[in-house]
Amino acid sequence: MAEINLARVDDRLVHGQVMQVWTKGHGTNAAYVIDDATAADEFMKEIYESTQSTGGLAIKVFSSDSIVDEWNKNQFGNDNVALIFKSIAYAKKAVDGGVPIKELNVGGIAIKPGTTKVIESVGLSKDDAELCKALDAAGVKVYFQKIPSSENVSLSAALAKMG
């Protein structure tokens, strides 16, 4: 059975922070991108999956449904996985489907109207806050952190910023 080394929400998906900073030192050998739009776009899916990082991580792309199917089929095989979700909703769907995520790092959601800046790189909407509360109630530790060396903000502290 695989080990899930990281579960992260980052709307930029695969980029330097994820590939170089978050996966180093954990034995991670695969990054699974979970995004319905990318999974449905054969061209973009092929671009992601044909790209190998300098660290040798295999990249696979899944929809929010197929990541649950992949877990149920073979528990991600022998991969030591970083799960990179496009949204908190996709992470919640994975947990609801039985993917055993213990912690969820929320590190990149664009700050836009209708969101509250909870850390430098995360704007949290009321809907996303409710999803985070539901994940917390399901036993998932939700925290907000851009990179490992930056401040780790708890869910309760993030919710307090929202008022």
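For the structure itself, look to the data block above.
What comes next concerns the included structure. (Residues numbered from 1 in each chain as written. Predicted model: local features only at pLDDT ≥ 70, side-chain atom pairs only at ≥ 80, totals over all residues. Heavy atoms only, no water.)

To continue, consider the overall build of the protein chain. Check the secondary structure of the protein chain and you find 7 helices and 9 strands. Taking 2.2 N^0.38 as the reference for a compact globule, 163 residues should give roughly 15 Å; the C-alpha atoms of the protein chain span a radius of gyration of 15 Å, in line with that estimate. Based on the C-alpha atoms only, the size of the protein chain along its principal axes is roughly 45 × 30 × 30 Å. Relative to its full complement of 163 residues, the protein chain shows a buried share of 47%. (Helix = DSSP H or I, 4+ residues; strand = E, 2+ residues; numbered from the N terminus. Rg over C-alpha atoms; globule rule 2.2 N^0.38 Å. Buried < 20%, exposed > 50% of the residue type's maximum accessible area, 1.4 Å probe, protein only.)

Quick look at the packing of helix α6 (residues 126-137) against helix α7 (residues 155-162) now. Closest axis-to-axis distance for the α6/α7 pair is 11 Å, and the angle between their directions is 155 degrees. Comparing the axis directions of α6 and α7 gives the class roughly antiparallel. For the crossing formed where α6 meets α7, the hand is left-handed. For the pair formed by α6 and α7, the contact residues are Lys126, Ala129, Cys132, Lys133 and Asp136 on the first element and Leu155, Leu159 and Met162 on the second. Grouping the constituent residues of the contact of α6 with α7 by class yields 5 nonpolar, no polar and 3 charged. (Axes fitted to C-alpha atoms, helices over the stretch in contact; angles between N-to-C directions. Parallel < 35°, antiparallel > 145°, perpendicular 65-115°, else oblique. Left-handed = near helix turned anticlockwise from the far one by under 90°. Contact = heavy atoms within 4.5 Å. Nonpolar A, V, L, I, M, F, W, Y, C, P; charged D, E, K, R; others polar.)

Attention shifts here to the sheet that holds strand β1 (residues 3-10). What the 7 strands build is an open sheet, ordered β3-β2-β4-β1-β5-β8-β9; its pairing is mixed. Each edge of the open sheet is held by one strand with a lone partner, namely β3 (58-62) and β9 (153-154). Both strand β8 (residues 141-144) and β9 contribute to a ladder of 2 bridges, which runs antiparallel. Looking at β9, one finds that Phe144 is bridged to Val153. (Pairing = 2+ DSSP bridges.)

Further remarks concern helix α4 (residues 66-74). Among the residues of α4, Ile67, Val68, Glu70 and Trp71 are the ones counted as buried. Along the axis of α4, the buried positions cluster into a sector of 160 degrees, meaning they face one direction only. Along α4, the residues that are exposed and aim more than 90 degrees away from the buried face are Asp69 and Lys73. Gln75 occupies a position one or two residues after α4 and carries a positive phi of about 50 degrees. (Arc of directions from axis to C-beta.)

Attention shifts here to the side chain of Ser125. The topology assignment puts Ser125 in the loop between β7 (122-124) and α6. Ser125 sits in the buried class, given a relative accessible area of 18%. In terms of polar contacts, Ser125 uses its side chain to reach the backbone amide nitrogen of Asp128, at 3.0 Å. (Polar contact = N/O pair within 3.5 Å; in protein donor to acceptor, adjacent residues only side chain to side chain.)

A few words on the packing of aromatic side chains. Counted under the stated rule, the structure contains 3 aromatic pairs. Centroid distance Tyr32 to Phe62: 5.0 Å. Interplanar angle 50 degrees. Geometry classified as tilted. In this pair, Tyr32 is assigned in strand β2 (residues 30-34) and Phe62 in strand β3, connecting sequence segments 30 residues apart. Since its relative accessible area comes to 0%, Tyr32 is described here as buried. (Phe/Tyr/Trp six-rings, centres within 6.5 Å; stacked < 30°, edge-to-face > 60°.)

To continue, consider the pattern of salt bridges. As enumerated under the stated definition, the model contains 8 salt bridges in all. When the shortest N-O distance is used, the salt bridge between Arg12 and Asp10 registers 3.7 Å. Assessed through its relative accessible area of 0%, Asp10 is described here as buried. In this structure, the salt-bridge partner of Lys73 is Glu70, at a minimum N-O distance of 3.2 Å. Within this pair, Lys73 and its partner Glu70 are both found in helix α4, separated by 3 residues, close to a single helical turn. Owing to a relative accessible area of 13%, Glu70 belongs among the buried residues under this scheme. Among the ionic contacts, a cluster of salt bridges with common partners joins Arg8, Asp10 and Arg12. (Salt bridge = Lys/Arg side-chain N within 4 Å of Asp/Glu carboxyl O.)

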